[in-house]
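A structural walkthrough
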Amino acid sequence: MENNKISVTSDNIFPIIKRFLYSDQEIFLRELVSNATDAILKLKILEKVKEIDEVINDNLLKIKIKINKKNNTIHIIDNGIGMTKEEVEKYINKIAFSGAEEFIQKYQDNASSIIGHFGLGFYSSFMVAKKVIIITQSYIKNSYTVLWSCEGTPKFSMVETEKRERGTEIILFINEDSKEFLEYNRILKLLHKYCKFMPIPIFLFSEEEKEIRINNIDPIWKKNPIHLSDKDYLNFYHELYPKHLEEALFWAHLNIDHPFHLTGILYFPKIENKMNVQKGRIHLYKNQVYITDNLKGIVPDFLSLLKGIIDSPDIPLNVSRSNFQLNTSVKNISKYIIRKIADKLNSMFKKDRKNFQKKWEYIKIIIEYGMISTKNFFDKANNFFIYLTINGEFFTLEELKEKVKNSQKNKDEKIVFLYTSDKEKQYSYIKEAEKRSYEVLILNSPLTAHLIQKLEITHKDISFVRVDSDHIDKLIDNKKEKYYSELSEKEKEDLKNFINKNLIKEYEFSVKLENLSKIDPPFLIIIPEFIRRMREISTLGKDIIKHDKEKFYQLIVNTNHILMKKILMEPCNTIKKELIQEALNFTLLSNNLLKGKNLIIFISKKIEDLTNQSKSIV
Ligand SMILES: Nc1ncnc2c1ncn2[C@@H]1O[C@H](COP(=O)(O)OP(=O)(O)OP(=O)(O)O)[C@@H](O)[C@H]1O
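Residues numbered from 1 in each chain as written. Predicted model: local features only at pLDDT ≥ 70, side-chain atom pairs only at ≥ 80, totals over all residues. Heavy atoms only, no water.

1. Considering the overall build of the protein chain
Note the threshold: Every helix listed is a DSSP run of H or I at least four residues long, and every strand listed is a run of E at least two residues long, numbered separately from the N terminus. With C-alpha atoms as the basis for the radius of gyration, the globule rule is written as 2.2 Å multiplied by the number of residues raised to the power 0.38. Remark: exposure states derive from per-residue accessible area (1.4 Å probe, protein chains only) relative to the maximum for the residue type, with buried under 20%, exposed over 50%, and partly exposed in between. The criterion used for residue contact is that any of the two residues' heavy atoms lie within 4.5 Å.
A count of helices and strands for the protein chain gives 18 helices and 21 strands. Over its C-alpha trace the protein chain gives a radius of gyration of 36 Å, far above what one expects of a compact globule, namely 25 Å for 618 residues. A buried classification covers 50% of the 618 residues belonging to the protein chain. Residue pairs in contact within the protein chain that sit at least 24 positions apart in sequence constitute 69% of those at least 6 positions apart.

2. Notes on the environment of Leu345
Residue placement: Leu345 occurs in helix α7 (residues 328-351). Sequence separation of Leu345 and Ser488 is 143 residues, and the distance between their C-alpha atoms is 59 Å. Residues in contact with Leu345, not counting those within four places in the same chain, are Phe250, Phe268, Phe356, Ile363, Ile367, Phe377 and Phe384.

3. Some thoughts on the site of the ligand
Here is the rule: Neighbouring residues are identified by heavy atoms, a residue being near a molecule or strand if any of them is within 4 Å of it. Distance and chemistry together define a polar contact, namely a pair of N or O atoms within 3.5 Å, with one atom able to donate a hydrogen and the other to accept it when in protein, and with adjacent residues in sequence counting only for side-chain atoms on both sides. Working definition of accessibility: Shrake-Rupley area with a 1.4 Å probe, residue cover restricted to the visible protein chains. Classification used: nonpolar for Ala, Val, Leu, Ile, Met, Phe, Trp, Tyr, Cys and Pro, charged for Asp, Glu, Lys and Arg, polar for all others including Gly.
Every one of the 20 residues lining the ligand counts as a neighbour, but Asn35, Ser98, His117, Leu120 and Arg321 are closest to it. One nitrogen or oxygen atom from the main chain of Gly121 is found 2.8 Å from an oxygen atom belonging to the ligand. Phe122 places a main-chain nitrogen or oxygen 2.9 Å from an oxygen atom of the ligand. The protein chains hide 97% of the 590 Å² of surface that the ligand would expose on its own. By residue number, the principal contributor to the shell around the ligand is helix α2 (residues 27-48), which donates 4 residues. Considered class by class, the residues forming the shell around the ligand number 8 nonpolar, 8 polar and 4 charged.

4. Overview of the nonpolar core
Defined as follows: Among buried residues, the Ala, Val, Leu, Ile, Met, Phe, Trp, Tyr and Cys ones that are joined through side-chain atoms within 4.5 Å form a nonpolar core. Segmentation into domains, and thus their bounds, comes from an automatic or database assignment.
Grouped together as the largest cluster of nonpolar side chains are 78 residues, with contacts concentrated most on Ile65, Ile74, Phe122 and Leu172. No other element matches α2, which puts 12 residues into this core. Looking at which domains feed residues into this core, each of domain 1 (10-213) and domain 2 (220-359) gives three or more. For Phe122, the contacting residues outside a window of four places in its chain are Leu32, Asn35, Ile92, Val132, Ile134, Trp148 and Ile170. Residues Ile315, Leu317, Ile333 and Phe385 belong to the second largest nonpolar core, which totals 65 residues.

5. Concerning the confidence of the model for the protein chain
Inclusion rule: A residue's pLDDT is the predictor's confidence in that residue, given on a scale from 0 to 100.
For the protein chain, the average pLDDT comes to 89, and 95% of its residues sit at 70 or higher. Predicted complex, confidence summary: ipTM 0.99, pTM 0.85.

6. Focus: the sheet that holds strand β9 (residues 250-256)
For clarity, the threshold we go by: Each pair of strands is called paired provided DSSP finds at least two bridges between the two strands. Angles run from 0 to 180 degrees between N-to-C directions of axes, and those axes are lines fitted to C-alpha atoms, restricted for helices to the stretch in contact.
Read from one edge to the other, the open sheet built from 5 strands follows the order β9-β10-β13-β11-β12, with strand pairing classed as mixed. Looking at which strands have only one partner, the edges of the open sheet turn out to be β9 and β12 (289-292). The average angle at which neighbouring strand axes cross in this sheet is 20 degrees, direction not considered. Note: strand β11 (residues 282-286) against strand β13 (residues 307-311), 4 bridges, orientation parallel. If you follow His283 over to β13, its bridge partner there is Ile309. Contacts from α7 reach β9, β10 (262-268) and β13, with the element oriented near 135 degrees to β9.

7. Points about the pairing of strand β18 (residues 462-466)
Here β18 lies mainly inside the structure; 5 of its 5 residues are buried. Side chains of β18 alternate between two faces, with Ile462, Phe464 and Arg466 and Ser463 and Val465 buried alike. Two elements, strand β16 (residues 415-420) and β18, share 5 bridges in a ladder whose sense is parallel. Bridge pairing in β18 links Leu418 to Val465.

8. Here we look at the sheet that holds strand β21 (residues 554-558)
Read across the sheet, 3 strands follow the order β19-β21-β20 without closing on themselves; strand pairing throughout is mixed. Whereas interior strands pair on both sides, the edge strands pair on one side only; in this sheet they are β19 (510-514) and β20 (523-526). Going across the sheet, the axis of each strand differs from the next one's by a mean of 25 degrees, ignoring polarity. Bridging between β20 and β21 involves 4 bridges; their strand directions are antiparallel. Bridge pairing in β21 places Phe523 opposite Val557.

9. A closer look at the packing of helix α16 (residues 562-569) against helix α17 (residues 573-590)
Selection criterion: Every angle not falling under 35 degrees, over 145, or within 65 to 115 is termed oblique; those three ranges are roughly parallel, roughly antiparallel and roughly perpendicular. Left-handed describes a crossing whose near helix is turned anticlockwise from the far helix by less than a right angle; the clockwise case is right-handed.
Running from N to C, α16 and α17 cross one another at 160 degrees; their axes reach a closest spacing of 9 Å. Here α16 is positioned roughly antiparallel relative to α17, judged by the angle of their axes. Along this stretch, α16 crosses α17, giving a crossing that reads as left-handed. Residues Leu563, Lys566, Ile567 and Leu568 of α16 pack against Lys576, Leu579, Ile580 and Ala583 of α17. Taken together, the residues of the contact of α16 with α17 sort by class into 6 nonpolar, no polar and 2 charged.

10. Here's the deal with the domain arrangement of the protein chain
Assigned domains within the protein chain: domain 1 (10-213), domain 2 (220-359), domain 3 (387-475) and domain 4 (489-617). One C-alpha centre belongs to domain 2, the other to domain 3; they are set 34 Å apart.

11. Comments concerning the side chain of His75
Relative to the helices and strands, His75 is located in strand β2 (residues 73-78). Given the relative accessible area of 16%, His75 is considered buried. Separated by 2.9 Å, the side chains of His75 and Thr73 make a polar contact. Polar side-chain contacts of His75 include one of 2.7 Å to the side chain of Glu169. Beyond its immediate chain neighbours, meaning those up to four positions away, His75 contacts Lys64, Ile65, Lys66, Asn68, Glu169, Ile170 and Ile171.

12. A word on the side chain of Thr84
For Thr84, the position within the fold is in the loop between β2 and α3 (85-92). Taking relative accessible area as the criterion, Thr84 reaches 9% and is therefore assigned buried. Not counting chain neighbours up to four residues away, the residues in contact with Thr84 comprise Ser138, Ile140, Ser143 and Val146.

13. Notes on helix α8 (residues 353-373)
Side chains that are three or four residues apart share a direction in an α-helix, a result of its 3.6 residues per turn. Formally: The span expected for a helix works out to 1.5 Å for each residue beyond the first. Note on bend: at a given residue it equals the angle between the axes fitted to the 7 residues ending there and to the 7 starting there.
Between its terminal C-alpha atoms α8 stretches only 25 Å, short of the 30 Å expected from 21 residues at 1.5 Å a residue. The axis of α8 is deflected most strongly, by about 70 degrees, at Glu361.

Laid out in C-alpha cells, this is it:
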C-alpha cells in the first residue's frame, strides 16, 4: 500500500477562494475587521497570561477604517499583535492555515472570543481588490516591519520597510467593478450590519478625517440579567431597531454555559392577529460578529415572529461564515430556545396574570403557531394558553373545563366549548347561547381551526363547535324533552321537495328538516363544524372562497314552525313560493348572505309594501 499526500496547486485554488467561496462580496470588510479585532484580542490575552512585557493601555486599542477615493484604496488599521516575517509566511502565504486556530489551541479557554477559524478570510479581500498590501509590525521586540504585496495571483512580494508602531494596516486597491465600496455610506452601512457589536472600538474616517464610532463593544446580551433594568432592555431594543417606534412588549434573556454557550435577547413585539411570518427579525452573531438573519434550524418558525439577537460560539459555521451547518448541537440549541420562551411565558402568567392577559391579544398568534407546530412547546403552553370569552373573562383550559363541565356536554358526553369567530356576524347564534347561560369563547385567529383540531386530539374529553354550526340545542345536549314533528312524513317529504325544486338551486344549499321548537325561526343557515374546519385548515384560516361558499351551507327547515303548516295548506304555488322566499330572505339577510340582485329585489319589495301601507293610512 502506498501512502501519499494530495497536493493543491495555488494557481487553481486562488480563483476559487476569490470568486466562489463567499456568496457576497461585501463580507470582505467583515473578514478584515474580524482579523483586526482578533489581533487586538490576542494582544490582551497575551497580556493576561503575562507573555508580553508591554503595559497595554486599553483605551488606545482600536481599529480605524479609512477610504481614499483619490487613490481608490480602503485602509483597515489596527494596533494589535501584528505579524513577524515568519508569521506572514506561515499565516498569509499558506492558504487555509489559520493563525487564529493555532492561537485558540494554545490559549484554550482564554481565547474563546477569537473570531478566526478557517484561515481563508483574508483572501476574500481579492473579491473587491486588484492588489492588497499588508504593512505589519509584530509586538515581538527587534522584529522588523514587513510589507507584503500581492496582485491577486499566487505571486507576492515581501520586503522589510520603514519602522512602524505595533499593529497591521491592510490596504485594498479597489478594482473597477467594486468602486461602490469606495463610497463612505456603503462602508458605513456594512460596518453597521456586520460590526455593530464587535468587541474592539471601530472608527470610520471621512475624507475630511472626521471619525465616527461604529460599535457598542459591550452589548447587554453579554451581561448578567440581574444587573439589567427594563430600561436597559428597552434602550437596547431601540439600538437594534432604531427605526421602530413601538416598544417591545417583553423579552427573554438567553444565557447558558452548558452544554453549549449561548447568549442573546429575544423580544416580543406587538403582533397583530395575522399570519405574517416575517423572517430576518432575529440576528445570529458569533463572538459579537453578525453572521446571518436566516436562522432556520436554530429558531423554529413560530419564533421567527420575535425580534432580537442570538450569539453563540458553538454554532458550526460554514467556511464563508455567512451560514451555519445543521447538526445535533444546533438542534439542542433550538430546543433550549423553545424551552426558555415557554418558561418565560409561564412565569409571566404565574407572576402577574392580569398583565399577561393585557398583552394576550398581541402574543396569542405566536403561542398558537408554536402550539400547532412544535410538540415541546404545545405541552408547556397548555399551562398558560388562555381563552377569552365574549364577556371579557379569561380562562385556562382546565379552568374552562371545570366551569362548563356540568352544563355544556354533547350527546357523546364530551365537554363542548362554544366559540365565535366574529361577534357581529354570529350575533344571533351567540344570543341563543347566552339565553341558555352558555360560555362563548372568542377564537378568531387564522390558526383557530388547526389549534382546536390539535387540542381535541390531545384532550379526548373536549370538543369545540362554532356557535353557528348547528342549532344550539343540537350542539349542546340540554337534556330537555325533544320535540316531535307537527308534520307527517308525507308532509315533510312534500315540503322538502317543494323547497328543493323551487328555491334552493340558486344557493346550492343542502336542505335538512329538523323538529325544533315552535318559537325557533322557520329557517336556519348553518355550516357544520367539521366541514368548515377542514376547509379552513386547507386554506389556512382564509374565509371559504366565495364561489364555492354556498355549497357548504345547510338550510335547516323547522318543521314545527307555523309557517310550514301554512305553506303546505296553501293551494296556490306562486303564493307558496313567495312565502318561502320571504322567510328565506330574512334568514339570508341575518346571515349576511342576501346580496346583489336578490338584495335589491327584496328591498324594493319592502319599500313598495311600506308605500302601499302609507297610502292606505293617508
Ligand atoms: N490584522 C492582522 N493582524 C495580525 N495577524 C493577522 C491579521 N490579519 C490576518 N492575520 C493572520 O493571518 C491569519 C489568516 O487570516 P485569515 O483571515 O485568512 O484566516 P482566519 O482569520 O484565521 O480564519 P477565517 O478564515 O475563519 O477568517 C490569521 O489567523 C492571523 O494569524
